[in-house]
Protein chains: 2
Amino acid sequence: MAHEMPRIYPDQINRDLLYAWGAVGNKYEKGDVIFTEGEAAKYYFQVEKGSVRMYNMSHEGKEYTQGMFYAGQSFGEPPLLLGETYPAAAVACEASVVIRLAKNSFQNILEEYPAVQRTILDTMARRAYQKAITARDMMISNPETRLQNFLRQCRLQAGNPPGLLQIPFTRQELAHFTGLRVETVIRTLSKMAEEGKVVIRERKLYC
Amino acid sequence: MAHEMPRIYPDQINRDLLYAWGAVGNKYEKGDVIFTEGEAAKYYFQVEKGSVRMYNMSHEGKEYTQGMFYAGQSFGEPPLLLGETYPAAAVACEASVVIRLAKNSFQNILEEYPAVQRTILDTMARRAYQKAITARDMMISNPETRLQNFLRQCRLQAGNPPGLLQIPFTRQELAHFTGLRVETVIRTLSKMAEEGKVVIRERKLYC
DNA sequence: CGGTTCATTGACCAACCTCAAAGTACGTGG
DNA sequence: CCACGTACTTTGAGGTTGGTCAATGAACCG
């Protein structure tokens, strides 16, 4: 599925700089695996085109989406910086192009360009900040609040436009983001629609 | 309560450097508030002595501990770097001393000392990484697995010593860390003790 | 038209939470 | 040393929420 999310951020690291340091762009089809949970981190990744999903899956088949990444955004840096393994898997959500740079070159760029290091620092801070908020919502909130918070994040990601925004996710995808079941998402959204908190028209969700 | 956690990390930023840039050390008694949820971030904080807890509380009184910070560790940087408000409150867990540095000075240090910026970068990466793991555990796991994962984190924090490690938290505190209720923690730990997964002697927990 | 994916609904159930009560440890002050 | 207060732990009974399972309906697409 192609998630229509606007490209509101510039490239995390300038693509020409990446290529100059030996990065290569790889094509992925929908569903292709970029890396798996538990694998050692060896590359810096940056989405050039398309979208990427990071997620966990439990033994019993439960699934949790850690995050979505769109054109210009990088992903998987924390374990790369720390020399750890990936805490989640990454797959392409649609036909995508992802730039890949070897760990050594990435470290060299960070040393060479303090401004880039500062960009990555802010990105990591943003990542930690978002996750703290998500954790708070997940731990102390009911399904309605969890959905509402996720939808708010969606609006922010989309640049908080005036008027109704169509949410580009299926009920199942919303379930994976919020850690709920499809049926719970559906029932909660129906209730919220009745109460005017969201709008459902022809099965499409707006907020 | 004084949490006996070994000081295994050196100061995040050298304290003399902090003082040279105008930082001051503040004393807090047990329970004193350092900052509250929703407040604008204005300072860099680093624990000099004692321990600090960051946590969220819901309207219905549910509580979630985002993290504990001990001597040498900094906290609350993400919103400071991003110009956001605090996503959680911070309180002293015991009589503590916390070094405080104004935001401007902190930014100046980062620009002036790339090595310090790199340290903070690694810390932010570590923070994001830990939170990704925590989120995974919370979303897709049952109480036993959640507790087990938390206890594993405790062991890692303590330097993964050989033999049994006494866990320096009450049942209620474990509940706050894992998002469970006291009673659920107690019942789950009892079951785990029966199965030899943890040891309970005189109400104290070891693993 | 047939197949696939997504959305929806209802009945049922179990895990975890809630509430209430009581037991245990520990420190303090008389 | 004892009495008391406080904080922590434990147990049981019962309730609710959200998950599970099964079936059906709607949209989409080649």
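That block above? That's the structure.
Residues numbered from 1 in each chain as written. Chains lettered and ligands numbered in written order. Predicted model: local features only at pLDDT ≥ 70, side-chain atom pairs only at ≥ 80, totals over all residues. Heavy atoms only, no water.

1. A short note on the relation of the copies chain A and chain B
Move 1: Mapping chain A onto chain B calls for a screw motion: a turn of 180° about the axis and a shift of 0.0 Å along it, with 0.0 Å RMSD after fitting. The superposition operator between the copies reduces to a two-fold rotation axis. Relative to the rotation axis, the closest C-alpha in chain A is found at Ala128 of chain A, a distance of 2.2 Å. (Least-squares fit on C-alpha atoms with pLDDT ≥ 70 in both.)

2. Observations concerning the packing of aromatic side chains
Move 1: Scanning the entire structure with this criterion turns up 22 aromatic pairs over all chains.
Move 2: For the ring pair Phe169 of chain A and Phe177 of chain A, a centre distance of 4.9 Å and an interplane angle of 65° mean the geometry is edge-to-face. An identical accessibility class is assigned to Phe169 of chain A and Phe177 of chain A; each is buried.
Move 3: On the numbers, 5.6 Å between centres and 40° between planes, the contact of Phe35 of chain B with Phe45 of chain B is tilted. Taken together, the residues Phe35 of chain B in strand S2 (residues 33-35) and Phe45 of chain B in strand S3 (residues 43-49) connect sequence positions ten residues apart. In this pair, the class of Phe35 of chain B matches that of Phe45 of chain B, namely buried.
Move 4: In textbook terms, an aromatic cluster arises when at least three aromatic residues are bridged by ring pairs, as seen for Phe35, Tyr43, Phe45, Phe69, Phe75 and Tyr86 of chain A.
Move 5: Sitting above the plane of the Tyr43 of chain B ring, Arg100 of chain B keeps its charged end 3.9 Å from the centroid.
Move 6: One Lys or Arg, Arg201 of chain B, reaches over the ring of Tyr206 of chain B and ends 5.2 Å from the middle of that ring. (Phe/Tyr/Trp six-rings, centres within 6.5 Å; stacked < 30°, edge-to-face > 60°. Buried < 20%, exposed > 50% of the residue type's maximum accessible area, 1.4 Å probe, protein only. Helix = DSSP H or I, 4+ residues; strand = E, 2+ residues; numbered from the N terminus. Lys NZ or Arg CZ within 6 Å of the ring centre and 35° of its normal.)

3. Some words on the sheet that holds strand S7 (residues 89-92) of chain A
Neighbouring strands of a sheet are bound in pairs by backbone hydrogen bonds; such pairs are parallel or else antiparallel.
Move 1: The four strands lie next to each other as S2-S7-S4-S5 (chain A), forming an open sheet whose pairing is antiparallel. Each having just a single partner strand, strand S2 (33-35) and strand S5 (63-70) of chain A make up the two edges of the open sheet. The sheet shows a mean angle of 30° between the axes of neighbouring strands, direction not considered.
Move 2: The pairing of S2 of chain A with S7 of chain A spans two bridges and is antiparallel. Bridged to Phe35 of chain A within S7 of chain A is Ala90 of chain A.
Move 3: Seen against the sheet, helix H4 (residues 114-140) of chain B touches strand S4 (51-57) and S5 of chain A and runs at an angle of roughly 140° to S5 of chain A. (Pairing = 2+ DSSP bridges. Axes fitted to C-alpha atoms, helices over the stretch in contact; angles between N-to-C directions. Contact = heavy atoms within 4.5 Å.)

4. Some details on the interface of chain A and chain B
Move 1: At the junction of the two partners, chain A supplies 41 residues and chain B supplies 41 residues.
Move 2: Taken over both partners, the interface formed by chain A and chain B buries close to 3500 Å², and the fraction arising from carbon and sulfur atoms is 67%.
Move 3: The three residues of chain A that bury the most area against chain B are Tyr129, Met139 and Ile140 of chain A, which together make up 20% of that side's buried surface.
Move 4: The tally of links between chain A and chain B comes to four salt bridges.
Move 5: For Arg136 of chain B, the salt bridge goes to Glu37 of chain A, with nearest N and O atoms at 2.7 Å.
Move 6: On inspection of chain A and its partner chain B, the count reaches eleven residue pairs in polar contact (both at pLDDT 80 or more).
Move 7: Among the secondary structure elements, those contributing two or more residues to the side of chain A that touches chain B are S4, S5, helix H2 (77-82), helix H3 (103-112) and helix H4 (114-140) of chain A.
Move 8: The element contributing the most residues to the side of chain A that touches chain B is H4 of chain A, with 20 residues. (Buried area = accessible area lost by both parts, 1.4 Å probe. Salt bridge = Lys/Arg side-chain N within 4 Å of Asp/Glu carboxyl O. Polar contact = N/O pair within 3.5 Å; in protein donor to acceptor, adjacent residues only side chain to side chain.)

5. With respect to the protein's contact with DNA strand C
Move 1: Among the 16 residues in the neighbourhood of DNA strand C, the closest are listed as Ile186 and Arg203 of chain A together with Pro143, Arg181 and Thr184 of chain B.
Move 2: A share of 66% is what sugar and phosphate atoms reach among the atoms of DNA strand C within 4 Å of the protein.
Move 3: The contact in question runs from a base nitrogen of DNA strand C to an N or O atom on the side chain of Arg187 of chain A, over 3.0 Å.
Move 4: Contact between DNA strand C and Arg187 of chain B: a base oxygen at 3.1 Å from a side-chain N or O atom of the residue.
Move 5: Listing elements by their share of the surface near DNA strand C, those giving two or more residues are helix H6 (171-178) and helix H7 (182-194) of chain A together with helix H7 (182-194) of chain B. (Near = heavy atom within 4 Å.)

6. Some points on the protein's contact with DNA strand D
Move 1: As a matter of local geometry, DNA strand D sits amid 16 residues, with Pro143, Arg181, Glu183 and Thr184 of chain A together with Ile186 of chain B nearest to it.
Move 2: In DNA strand D, atoms within 4 Å of the protein come from the sugar-phosphate backbone in 64% of cases.
Move 3: Take Arg203 of chain A: an N or O atom from its side chain is 3.1 Å from a sugar or linking oxygen of DNA strand D.
Move 4: Here a phosphate oxygen of DNA strand D and a backbone polar atom of Arg171 of chain B are 2.9 Å apart.
Move 5: For the surface near DNA strand D, the secondary structure elements donating two or more residues are H7 of chain A together with helix H6 (171-178) and H7 of chain B.
Move 6: Taken together, the residues of the surface near DNA strand D break down into three nonpolar, five polar and eight charged. (Nonpolar A, V, L, I, M, F, W, Y, C, P; charged D, E, K, R; others polar.)

7. Side note on the pattern of salt bridges
Move 1: A full pass over the atoms with the stated rule returns 22 salt bridges over all chains.
Move 2: With a closest N to O distance of 2.8 Å, Lys197 of chain B and Glu195 of chain B form a salt bridge.
Move 3: You can call Lys197 of chain B partly exposed: its relative accessible area is 40%.
Move 4: Within the structure, one salt-bridge network assembled from shared partners comprises Glu144, Lys191, Glu195 and Lys197 of chain A.

8. Thoughts on the nonpolar core
Move 1: With 70 residues, the main nonpolar core has Phe75 and Ile120 of chain A together with Phe75 and Ile120 of chain B as its most contacted residues.
Move 2: Phe75 of chain A has contacts with Ile34, Phe35, Phe45, Val47, Val52, Phe69, Ala90 and Val98 of chain A, leaving out every residue within four places of it along the chain. (Core = buried A, V, L, I, M, F, W, Y, C linked by side-chain atoms within 4.5 Å.)

9. Some words on H4 of chain B
Move 1: Between its first and last C-alpha, H4 of chain B extends 39 Å over 27 residues, near the 39 Å set by a 1.5 Å rise per residue.
Move 2: Among the 27 residues in H4 of chain B, 20 count as buried, and that is most of the element. (Expected span 1.5 Å × (residues − 1).)

10. Topic: the pairing of S3 of chain B
Residues and elements named next belong to chain B.
Move 1: Most of S3 is tucked away: five of the seven residues are buried.
Move 2: Relative to strand S8 (residues 96-102), S3 runs antiparallel, the two sharing six bridges. If you follow Phe45 over to S8, its bridge partner there is Arg100.

Take it as geometry only, folks, not as evidence of what the structure does.
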